Amino acid sequence: MDRRIREVLIVGGGSAGWMTAAMLAHALKQDCRITLVESEEIGTVGVGEATIPPIRLFNQTLGIDEREFMARTKGSFKLGIEFVGWGREDSRYFHPFGPFGRDFDMVPLHQYWLKARGQGDATPLDDYAMAWHIAKAGKFAHPSGDPRSVMSTFDYAYHFDAGLYAQFLRSYAETRGVTRIEGKIGDVALNGETGFVESVTLQDGRVLGAELFIDCSGFRGLLIEQALQTGYDDWSHWLPCDRAVAMPCDHPEGDRNPTPYTRSTAREAGWQWRIPLQHRVGNGYVFCSSFLDETRAGELLASRLDGKALADPRALRFTAGRRKLHWNRNVIAVGLASGFLEPLESTSIHLIQANISKILALFPDKDFDPATRDEFNRVAHGEMERIRDFIILHYKLTQRQDSELWRHVSAMAVPDTLQLKIDHFRRYGRLTARELDLFAPPSWLAVHIGQNNIPDGHDPLLDYRGVDARDWLAKLRQAMAGEAARLPRHADVLARHCAAAA
């Protein structure tokens, strides 16, 4: 018998809904009807505008041209994230996309940096990241394909308007057969025997049935939570920020060269993001409501913009955590419906992408094999836990004691999986990788060193190597600075490569 899924209903639009629709339309080329239902009245969160490098693979899989995509979404390039005031109030460091230099020995490069530091060399670790040399100069170029060049030692992602990205993917999906239905869902019908979702009824009485349902309804979790009562794991004891206000502004007067990186600045009760696009700058203040109220947060954000405000502050409320199941019965949650982690490391859109990838890797048939569902949930849970730990690391390693939030997070107990990584690094500077880690060792290294978690010693193997790396490190730094100096300005690359319409 033919056990193929023939009908998929996506509930909700925005980035999650239209990314899902676009990829399913690309993968399920025939014999499966894909429908997306959304309401323009409800709208979407739509403030996530910064991404990490895997988004490029998503777009490439769909066959999307980078120039067209960036022009349509008014995007800019992103080489990493600058963190200001996270270790101490006067500190700053860069989390680059790509490694720090290139290993030249059996022992990782940063171990030689640690040894040189112990001998009095004050060169910051950032100076060995090609991405930072380019970013701080306000330049950009695509990485080289020549592994011998330092220009091959960095990666990049994008800043873009999330609402425009959803529109772009809607056009892509509808061209490939996805049907969009405008309407609000009024009721959800469950099968009396299996508990599976059978259909949704719109407020105007239309009934939409399917075999597989994808819940992209945002924080509400219309199917995964309201209908199936899946439950939620609350992580706010580790990630206490539960509010945000977002507010776009114009570029600083006289500055039309958008910084090719995101900036995260620690504030009194949380942190502020700055995301430059071609036509504006996205800003937001993520904070803990136990220490600051929404009105005051909006006032503080407005007072700290570096350009003219383009809208009033928009408030969001959330609880850090995840659904107890991402896939429950015949419903798979994608995006905010599956859980929420604050956008400190720009992972919101990536988590959408990750669940879509798992849908394709573990696509069900009409039997909805429990083993397939369990594997999906195992991987989804592990991925979110590893990202959770990486975000907690930023809070735990702070030395700030100037306000209640920072005193609280610096003293809190952290998950055992994270404490193990902290302890290993603090002893010998070793970076331990775990299954399902999204962020590679260089990312962990950037935060450890950037927030002054300097190891007690270096890898014992280093003392057996007999290598004096000081000359190598100096030449590496000089080569990177020289390459960055000759590159074009970020704004000039955008104008030539992917200028958005006025």
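Refer to the structure presented above.
Just so it is clear, the structure is predicted and the values come from calculations on it, not from any experiment. (Residues numbered from 1 in each chain as written. Predicted model: local features only at pLDDT ≥ 70, side-chain atom pairs only at ≥ 80, totals over all residues. Heavy atoms only, no water.)

Caption draft 1: Representation of the overall build of the protein chain in the model. A tally of helices and strands in the protein chain yields 16 helices and 21 strands. Taking 2.2 N^0.38 as the reference for a compact globule, 502 residues should give roughly 23 Å; the C-alpha atoms of the protein chain span a radius of gyration of 23 Å, in line with that estimate. A principal-axis box enclosing the C-alpha atoms of the protein chain has dimensions of 75 × 50 × 50 Å. Scored against the burial criterion, the 502 residues of the protein chain give a buried share of 56%. (Helix = DSSP H or I, 4+ residues; strand = E, 2+ residues; numbered from the N terminus. Rg over C-alpha atoms; globule rule 2.2 N^0.38 Å. Buried < 20%, exposed > 50% of the residue type's maximum accessible area, 1.4 Å probe, protein only.)

Caption draft 2: View of helix α3 (residues 66-73). Residues of α3 that are buried: E66, F69, M70 and T73. Each buried residue of α3 sits inside an arc of 90° when the element is viewed along its axis, so together they form one side. Tucked inside the fold, the buried residues of α3 contact α2 (54-61), β3 (76-78), β6 (157-159), α6 (162-175) and α16 (490-497). In this structure D65 caps α3, since a side-chain oxygen of it lies 3.2 Å from the backbone nitrogen of R67. (Arc of directions from axis to C-beta. Contact = heavy atoms within 4.5 Å. Polar contact = N/O pair within 3.5 Å; in protein donor to acceptor, adjacent residues only side chain to side chain.)

Caption draft 3: Structural view of the nonpolar core. The biggest cluster of nonpolar side chains holds 78 residues, and the ones touching the most others in it are I10, M19, L169 and I214. In terms of residue count, helix α1 (residues 14-27) provides more of this core than any other element does, eight residues in total. Setting aside chain neighbours within four positions, we find L169 in contact with W18, M19, A22, L62 and I64. (Core = buried A, V, L, I, M, F, W, Y, C linked by side-chain atoms within 4.5 Å.)

Caption draft 4: Summary view of the layout of surface pockets. Taken as a whole, the second largest pocket encloses approximately 360 Å³ of empty space. Every residue lining the second largest pocket is counted, 21 residues in all, and those nearest its centre are R92, P124, L125, I449 and G450. For the lining of the second largest pocket, the secondary structure elements donating two or more residues are β5 (92-96), α4 (109-118) and α13 (441-450). Taken together, the residues of the lining of the second largest pocket break down into 10 nonpolar, five polar and six charged. (1 Å grid on protein atoms, 1.4 Å probe; cavity = no way out; pocket = protein on both sides within 12 Å on 5 of 7 lines; lining within 4 Å. Points joined across faces, edges and corners; volume = space filled by probe spheres on them. Nonpolar A, V, L, I, M, F, W, Y, C, P; charged D, E, K, R; others polar.)

Caption draft 5: Main features of unusual backbone geometry. Of note, S346 is a non-glycine position whose phi angle comes to about 55°, a positive value. Looking at the secondary structure, you find S346 in the loop between β21 (339-340) and α9 (348-361). Even without being glycine, L436 reaches a positive phi, approximately 70°. Relative to the assigned elements, L436 resides in the loop between α12 (416-428) and α13.

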